[in-house]
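# Analysis of the macromolecular model
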Amino acid sequence: MDGEFITADGEAFELVAADGYERAGLELLEVDDAIVDEIVSGDGVVRFKGGPDDVAVVCTKSKTYQVKRVETSNQLLIVGPPLRGEEEEEGEDAEEDGGETEAAGKKRATVRAEMNSHLDLTEIAPKLDRLREMMASAAYGGEDEMETGEGDDDDGGGGGGGFDFEELDERVQASETQIMACLNDELAAIEIGGKWRGVKPEYRLHALSMLAVSASGNGWPRNALPETDVVDAMVGDGFIPEMARNTLHAFASPNEDGVTWAMDEEKVSRALVERVLRDGTGLKQWRLTDVMDKWRAKMSENGLGDVEIKEEYLAGMALIERSDRSDEAFVRTLVATDLSREPELRFKSLWEVKPRWTLAELEPYLKGQERPGENIEKQLLKYCRVTQGTPRVYSKR
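Residues numbered from 1 in each chain as written. Predicted model: local features only at pLDDT ≥ 70, side-chain atom pairs only at ≥ 80, totals over all residues. Heavy atoms only, no water.

### Let's talk about the packing of aromatic side chains
Taken as a whole, this structure holds 5 aromatic pairs when the rule is applied. Ring geometry for Tyr-203 against Phe-239: centres 5.8 Å apart, planes inclined by 45°, an arrangement best described as tilted. Of this pair, Tyr-203 sits in helix H8 (residues 201-218) while Phe-239 sits in the loop between helix H9 (227-236) and helix H10 (241-251); the two residues are 36 residues apart in sequence, bridging distant segments of the chain. Of the two residues, Tyr-203 and Phe-239, neither departs from the other in class, the shared state being buried. With centroids separated by 5.9 Å and ring planes inclined at 35°, the aromatic side chains of Phe-347 and Trp-351 adopt a geometry described as tilted. Taken together, the residues span about one helical turn, with Phe-347 and Trp-351 both in helix H13 (residues 343-353) at a distance of 4 residues. (Phe/Tyr/Trp six-rings, centres within 6.5 Å; stacked < 30°, edge-to-face > 60°. Helix = DSSP H or I, 4+ residues; strand = E, 2+ residues; numbered from the N terminus. Buried < 20%, exposed > 50% of the residue type's maximum accessible area, 1.4 Å probe, protein only.)

If you want it as structure tokens, here you go:
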């Protein structure tokens, strides 16, 4: 069989060089058992991903790996048995040598390539910034936009009309599983006609408002929204079915009955207070009481006035600063999703906002930032100096 070469321990064999072996374009990829299991349990495919200006990564079905070249001072030879067509040449060579190789009972191994390095893999966090940019560039804002062709791209790169998954998978340095998780869980992206797009924030809030109005008008409890009826009602209000389902999935969770959804009041509240906070960005002295009042008004505007708003929902959206000399509290807008996903850059941005933080203040901005081999505790040790006290204070290292 081509490529099969088995020797016993201590068995000697004759080593010969194939023509042009020193120019063979082969790479050795070292993988541990965990990566082998990942490959076998997936689709068996390992892909190098990256554009001309990217540092290449390797992706399996569900994970992403950094690629590092490891040099060695030893000579590495890739050897194998003769391939079809070479066996006759081997026999002729043996005759010319007077049958010495055959008499010695040695097998012949052919050098196929020579190298002085191999590629090593280390699991890393997926590189999803490009995916976020692509979804923002193709953000959907309503059916009228689709009918008029507004926002469509003519550069052949998807653009305003969206991107099929194959193009996303080709351009984004992350595994298929990680790309889908980002599209569905983080971005709540929408798939229309096989094309993936983001959703414009203002249009998403408009759809949420219509969902709330439909629920109220039809007497549907918010903890048991019937999906089929919700979609039909929103389509009647001018939304495409995909947007109706997207809104339900973005702001509600499925119930065990498989047909109804429960609205997530925290998600709804955070979406609306983010709009309030962004409208007030730049206000250095914004009283917490004023923010809460505007927040309640925004909830009422969108048919959700009976939903209880909670100060704790501001975590990761704004900093609340209280003075020891006053009961009054002030709010500073700082939305976690605006910060870099790279730990070093994220901490740098946080230190620029203020030099000292408590752990309770930091945690909302570190949520979901765990990386392979570097959990939040390790990041705190790496990037922070800790001052003991009650509470502990974290500052730039």
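### Structural notes on the side chain of Gln-369
Here Gln-369 lies in the loop between helix H14 (359-366) and helix H15 (376-383). Residue classification places Gln-369 among the buried residues on the basis of a relative accessible area of 12%. Other than its neighbours up to four places away in sequence, Gln-369 contacts Arg-341, Arg-346, Ile-376 and Gln-379. (Contact = heavy atoms within 4.5 Å.)

### Focus: the sheet that holds strand E16 (residues 384-387)
In sheet architecture, strand pairing relies on hydrogen bonds along the backbone and comes in two forms, parallel and antiparallel. Pairing in this open sheet of 3 strands is antiparallel, and the strands run E15-E17-E16 from one edge to the other. Each having just a single partner strand, strand E15 (356-358) and E16 make up the two edges of the open sheet. In this sheet, neighbouring strand axes are inclined to one another by 35° on average, regardless of whether the strands run parallel or antiparallel. Sheet topology note: the E16/strand E17 (residues 393-396) ladder contains 4 bridges and is antiparallel. Bridging from a neighbouring strand, Val-386 pairs with Tyr-394 of E17. Across the sheet, H14 is in contact with E15 and E17; its angle to E15 comes to roughly 90°. (Pairing = 2+ DSSP bridges. Axes fitted to C-alpha atoms, helices over the stretch in contact; angles between N-to-C directions.)

### Thoughts on the pairing of strand E11 (residues 260-263)
Burial along E11 is two-sided: Thr-260 and Ala-262 facing one way and Trp-261 and Met-263 facing the other are all buried. Looking at chain direction, strand E9 (residues 225-226) and E11 are connected through 2 bridges and run antiparallel. Residue pairing for E11: Leu-225 is matched across the bridge by Trp-261. One ladder, built from 3 bridges, connects strand E10 (residues 252-254) with E11; its direction is antiparallel. Paired with Ser-253 across the strands is Ala-262, a residue of E11. Where E10 folds back on E11, the antiparallel hairpin that results is connected by 5 residues, among which Gly-258 adopts a positive phi of roughly 80°.

Without other data, these values stay purely geometric and don't point to any function.
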